[in-house]
Amino acid sequence: MENLVLYGAFESLPWLLSCFISLVTVLVLGYFGAPVLIWYIGVLLLMLLSGISVTSIFIFALVGFIFVIPILRRSLVSSWMMGVMKPLMPKISETEKTALDAGVIWVEKDLFSGKPNFNRLLHTEKYPQLSSEEKLFMDNQVETLCGMLDHWKIWKTREMEQSVWDYMKKEKFFGMIIPKEYGGLGFSALLNSEVIHKLSSRSLTATITVMVPNSLGPAELLVHYGTDEQKKRYLPRLATGLEMPAFALTEPAAGSDAGAIQATGELFKGDDGKYYVKLNWNKRWITLASVSTVLGIAFKLKDPNNYLGRGENIGITCALIPTSAKGVTADRRHDPMGIPFANCPTQGHDVIVPAEEAVIGGLAWAGRGWQMLMESLAAGRGISLPAQATGGSKLACYVTASHAVNRTQFGVNIGAFEGVQEPLSRIATYTYMLEAMRKYTCGALDSGIKPPVITAMMKYYGTEYGRKVINDAMDVVGGAGISMGPRNVLAEIYIATPIGITVEGANILTRTLMIFGQGALRAHPYAYHEVKSIAENDLRLFDKAFWGHVGHIVRNTFRSVLLSLSRGYLASAPVPSELKMYVRRLSWASASFAILADVAMGSLGGTLKVREHITGRFADILSHMFMATATIKRYLAEGERPEDLALVKIVLKHNLNEIQKSFDGIFDNMYWVEQKSPVGKVIFGTLHFIFKGILGSWSRINSIGSQATDHLQTVVCDKMLYDTKILNHLCEGIYKPTNPNESVARVGNARELTLQAKGIEKKINKAKRSGDLPKLKGSALYQAALEKGTVTQAEFDLIKKATEARWDAIQVDDYSEAAFKSYQPPV
């Protein structure tokens, strides 16, 4: 009997072996995304090895042949599939199409692909450095300008001194992006970012005043689209401040939906035979409008006489209007949270300007203003507001860390309390991450890449994480943060934070509509080509995109399953051993994200556009993959500093944890949709059970990431508080005054003295506990220690100096009744 059992086992061995070989072959082909021809040959060979009937093999070979030969596939299958998909495709408006076509895709394509090339992302992509000329500008002109600024005086008087304006113009702060051939500085995106980042640690009014002319505005538009005559006329004057620019886009009915602008311009021919435009507008929230001499206007151009041969409605157009022109009003101000930069409404009533001179790019560019704006915003969103958020976060990090050392309660500095360490570790985490994102993105911009999806991420997550940092900082410094005055450098950032959240596209819509809404089409390797091919009825393009998409789905299904089962260990990780786990988890996250995004787009179709809870979570996953990639890139680019490793790990833990939370939210909610029909209830109920009950449960059990441990938070916090080298590196680039009586210098110097005297204080307390010194406190205890010989005179002098500095550093501003009443805060 035993012999018979053994014989049966051996007899079945070839069949089992062929099954095993088949399984391994399919897994390998699927994981690596083999081309269809390789699949075809591979499956045929497996069928032959498995002893399948000749009839079955013949049928498969015949059907497979149709799919392998493109001309047969297009005529017999793809044409039919194209007809089926046509009514299911989301409708894309012209403004959406222009936005999708603006800029280029960058690392988001890799992250969206399911198979990111980390060799390229982490080793080939540029991590920029300033040129020697730019470093001199930072060390001299920018340092000098910061020294001229007094944030509290600007707050009280609600204006910058004329000497500041004069210096900005003289040193061409308004012409940083204007090429040298037109009299500007011609600096890089990184230098632009560095200037904004440093100024934001000194004065937000000055920051915004410098930021706007070097972001979306007349100079940016002229450099890329202006006629030679327009460039020669305006750019040299803009560079030196002889002309002050503003750009007017937002209106009462057109905010985030900038395509809804109601400003109009009508083309007509004058008595001299030349073309003119008569404009009418009502704009608001236009920065620098009240101090501008030239106003960029976005409006809808009409050509009722069809002079251009393109019909009456030409479309959104951009033009330059002198504010001195008849009919222009720009003499009123808004009050943006009390921050006294010029932010204004402006109106135009029957303003007449020469068309060729005023329309940016001349009439050849009439109707292409939306394209100009989208391409310019694709760059600007990645520089200005992220730099401002990073500079503010670094200042908050430096001041808060110093305060946590200087401020004592219950006999110890407050940084020793775990409840305080938690927000402090978040401040360090987000600050390190913001700097990594900022420089990584500037590297792309300086390479000529304008990635709209990434820059939308930068705008949203830069300002949101900046908000988290300042909120945590205000919690830690407590009363010192709410007492307004020259000693308080955090209140202005806290008050101004909603401004950055709101401008250049409100954050709520940026996350849900742009990052994933645009990203799903722009960054996906095939989706946009499918939509475009159907809209243009291009069968060849559809065939290539659709079957490429099918292969993409197959590959990512296999990758997602295998990486989930192996917890990412099957993925390659071209990084040092201490970071390999995180890169493998990112590959796993990318594969799972890619297949889940395809499922969502395929099953929900056009309704996905309005499922903003879902698209927001997809945006969070894509964005945190980018943040993690930027963080690793920073660590590698800076020489793998061992002292930074704990910071890098806590950032990556945070990113992976946020990715996991977003996956959980998608699994729980993607198919939780109210259905009226019985069939709909059954279908969506079943899908909801599969996604939440099965896939969601597996995702939680086998999670991609979890929050940082308490121990890691404590390690990061201790490095931030007690290691000056790490704190300075974390806050590198902010303005640190040399005047010891200024607030930032005061708290920083007190911290240094406190750390220097730490050993002395421990020695005194030890003697006090042993009974060698009396139960005294403060200066009386230090005097007793000196008299007893517990400390030397030099040690006594140091601890006394540290105590006095620490006491001075924790003081807050106060006023006499008369002085308080003479100044009414602007908010």
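Residues numbered from 1 in each chain as written. Predicted model: local features only at pLDDT ≥ 70, side-chain atom pairs only at ≥ 80, totals over all residues. Heavy atoms only, no water.

An account of the side chain of Ser-402 is requested, with residue identities and associated values reported.
Checked against the element boundaries, Ser-402 lands in helix 17 (residues 384-406). The contacts of Ser-402, once residues within four sequence positions are left out, are Val-747, Gly-748 and Arg-751. (Helix = DSSP H or I, 4+ residues; strand = E, 2+ residues; numbered from the N terminus. Contact = heavy atoms within 4.5 Å.)

Break down the pairing of strand 5 (residues 313-322) for me, citing the residues and quoting the values.
Along strand 5, 7 of the 10 residues are buried, which leaves the element largely enclosed by surrounding structure. Summarising the sheet, strand 4 (residues 294-302) and strand 5 pair through 9 bridges and their orientation is antiparallel. The residue of strand 5 that forms the bridge with Gly-296 is Leu-320. (Buried < 20%, exposed > 50% of the residue type's maximum accessible area, 1.4 Å probe, protein only. Pairing = 2+ DSSP bridges.)

Please set out the layout of surface pockets residue by residue, giving values where relevant.
In this structure, the second largest pocket spans a volume of roughly 820 Å³. Along its surface, the second largest pocket is lined by 27 residues, and Thr-408, Gly-411, Val-412, Glu-761 and Asn-765 are the ones closest to its centre. Counting residues per element, the ones that place at least two in the lining of the second largest pocket are helix 17, strand 8 (408-409), strand 9 (412-413), helix 32 (743-756), helix 33 (758-770), helix 34 (778-788) and helix 35 (793-809). Take the lining of the second largest pocket: its biggest share by element is 7 residues, from helix 33. Taken together, the residues of the lining of the second largest pocket break down into 10 nonpolar, 9 polar and 8 charged. (1 Å grid on protein atoms, 1.4 Å probe; cavity = no way out; pocket = protein on both sides within 12 Å on 5 of 7 lines; lining within 4 Å. Points joined across faces, edges and corners; volume = space filled by probe spheres on them. Nonpolar A, V, L, I, M, F, W, Y, C, P; charged D, E, K, R; others polar.)

Hey, could you go over the packing of helix 17 against helix 19 (residues 452-477) for me, with residue numbers and the actual values?
One can describe the packing of helix 17 onto helix 19 by two numbers: an axis separation of 9 Å at closest approach and a directional angle of 20 degrees. In terms of axis orientation, helix 17 runs roughly parallel to helix 19. Considering only the axes of helix 17 and helix 19, their crossing is left-handed. Where helix 17 approaches helix 19, its residues Leu-385, Pro-386, Ala-389, Ser-393, Ala-396, Thr-400 and His-403 are matched on the opposing element by Met-458, Lys-459, Gly-462, Thr-463, Gly-466, Val-469, Ile-470, Ala-473, Val-476 and Val-477. Taken together, the residues of the contact of helix 17 with helix 19 sort by class into 10 nonpolar, 6 polar and 1 charged. (Axes fitted to C-alpha atoms, helices over the stretch in contact; angles between N-to-C directions. Parallel < 35°, antiparallel > 145°, perpendicular 65-115°, else oblique. Left-handed = near helix turned anticlockwise from the far one by under 90°.)

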